[in-house]
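# Structural overview for review
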Amino acid sequence: MNIPLIGKSNTNASHFETLKNFVIFPNPASNKLEIDGLIGSNVLIITNLIGEVEFSLVTEEEKIEIDISKLKPGVYFIKANEILFKKFVKI
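Keep in mind the model is a prediction, meaning the values are calculated, not measured.

## Comments concerning the pairing of strand 5 (residues 53-59)
Pairing analysis gives 6 bridges linking strand 4 (residues 42-48) to strand 5, with the strands arranged antiparallel. Paired with Ile46 across the strands is Phe55, a residue of strand 5. The loop that links strand 4 with its antiparallel partner strand 5 comprises 4 residues; one of these, Gly51, has a positive phi angle of about 90°.

Rendered as structure tokens:
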């Protein structure tokens with residue numbers, strides 16, 4: 001279940017350990033971005049290079065697919081629970 005949300009989440013060190021297998025692919029991507037390795041409830045936020053939020057959601061799924069077709073080409077960051085950052089390129 002995916003619920004759009006903007007905000008902070010409650011995280012701790014053990015949750016960070018469970019996210020170390022967090023992967024995004026393909027990278028670069030044009031229409032869809034797959035995220036795998038999520039465990040438990042996660043707040044995912046996509047921001048542009050200047051920190052503006054482009055997309056956010058809460059999910060409890062281990063693997064999800066995000067439609068990024070409406071994003072402009074460029075470099076973005078995806079954060080999981082305010083503690084783990086990954087960079088991806090939208091082409």
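## Concerning the pairing of strand 8 (residues 84-90)
One ladder, built from 7 bridges, connects strand 7 (residues 74-80) with strand 8; its direction is antiparallel. Bridge pairing in strand 8 places Val75 opposite Val89. Hairpin remark: strand 7 followed by strand 8, antiparallel, with 3 residues in the connecting loop; positive phi at Asn81, about 55°.

## Things to note about the pattern of salt bridges
Summed over all chains, the structure comprises 2 salt bridges. For Glu34, the salt bridge goes to Lys63, with nearest N and O atoms at 3.6 Å. Residue Glu34 is located in strand 3 (residues 32-36), and its partner Lys63 is located in strand 6 (residues 63-67); the two are separated by 29 residues in the primary sequence. Overall, the relative accessible area of 23% leaves Glu34 in the partly exposed class. Salt-bridge contacts for Glu82 lead to Lys79; the nearest nitrogen and oxygen are separated by 3.7 Å. Lys79 sits in the buried class, given a relative accessible area of 15%.

Parameters and conventions
Residues numbered from 1 in each chain as written. Predicted model: local features only at pLDDT ≥ 70, side-chain atom pairs only at ≥ 80, totals over all residues. Heavy atoms only, no water. Pairing = 2+ DSSP bridges. Helix = DSSP H or I, 4+ residues; strand = E, 2+ residues; numbered from the N terminus. Salt bridge = Lys/Arg side-chain N within 4 Å of Asp/Glu carboxyl O. Buried < 20%, exposed > 50% of the residue type's maximum accessible area, 1.4 Å probe, protein only.

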